[in-house]
Amino acid sequence: MSAQPEEPPTSWEAPPTPKATNVLLTAFTELYRYELGAGEDVFRTLPFFGTALGVDVAAVVYAAGTLPS
């Protein structure tokens, strides 16, 4: 019986080592936590946005009232 040689990988990249896998897993975990935190931050900033919008509207109404006809 003649053993057939294995075909070379189609990609030039070497398979990941356990150390590389741990680094990638840590990086993706941190990115996922960051994305979750960013989604929650939107709800925390809504009251500030509403307040700033109210101040802007009040300033425009005041300025419009003081303009001459």
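For the structure itself, consult the block above.
This is a predicted model, so every value here is computed, not measured.

Now, about the overall build of the protein chain: what can you tell me, with residues and values included?
In terms of helices and strands, the protein chain carries one helix and zero strands. Total accessible area on the protein chain is roughly 7000 Å²; 69% of this is exposed by carbon and sulfur atoms.

Explain helix α1 (residues 18-66) residue by residue, including any values.
In this model, α1 (49 residues) spans 71 Å end to end at C-alpha, consistent with the 72 Å of a helix rising 1.5 Å per residue. Largest kink in α1: about 35 degrees, centred on Thr45, with the proline Pro47 one to four residues after it.

Before we move on, can you summarise a nonpolar patch on the surface with the specific residues and values?
Taken together, Phe49, Leu53, Val57 and Val61 make up a surface patch of nonpolar side chains, about 400 Å² in accessible area. When you line up the elements, Val61 lands in helix α1. A relative accessible area of 56% means that Val61 is categorised as exposed.

Go over the pattern of salt bridges with me, naming the residues and quoting the values.
Within this structure, the stated rule accounts for one salt bridge. Linking Glu30 and Arg33 is a salt bridge whose minimum nitrogen-to-oxygen distance equals 3.0 Å. You can see Glu30 and its partner Arg33 sitting in helix α1, three residues apart, about one turn around the helix. You can call Glu30 partly exposed: its relative accessible area is 43%. By relative accessible area, which is 52% here, Arg33 ends up exposed.

Definitions and limits used
- Residues numbered from 1 in each chain as written.
- Predicted model: local features only at pLDDT ≥ 70, side-chain atom pairs only at ≥ 80, totals over all residues.
- Heavy atoms only, no water.
- Helix = DSSP H or I, 4+ residues; strand = E, 2+ residues; numbered from the N terminus.
- Areas by Shrake-Rupley, 256 points an atom, 1.4 Å probe, with all protein chains shown as cover.
- Expected span 1.5 Å × (residues − 1).
- Bend = angle between axes of the 7 residues up to and from the residue.
- Patch = residues over 30% accessible without salt bridge, like charges linked within 9 Å, V, L, I, M, F, W, Y side chains within 5 Å.
- Salt bridge = Lys/Arg side-chain N within 4 Å of Asp/Glu carboxyl O.
- Buried < 20%, exposed > 50% of the residue type's maximum accessible area, 1.4 Å probe, protein only.

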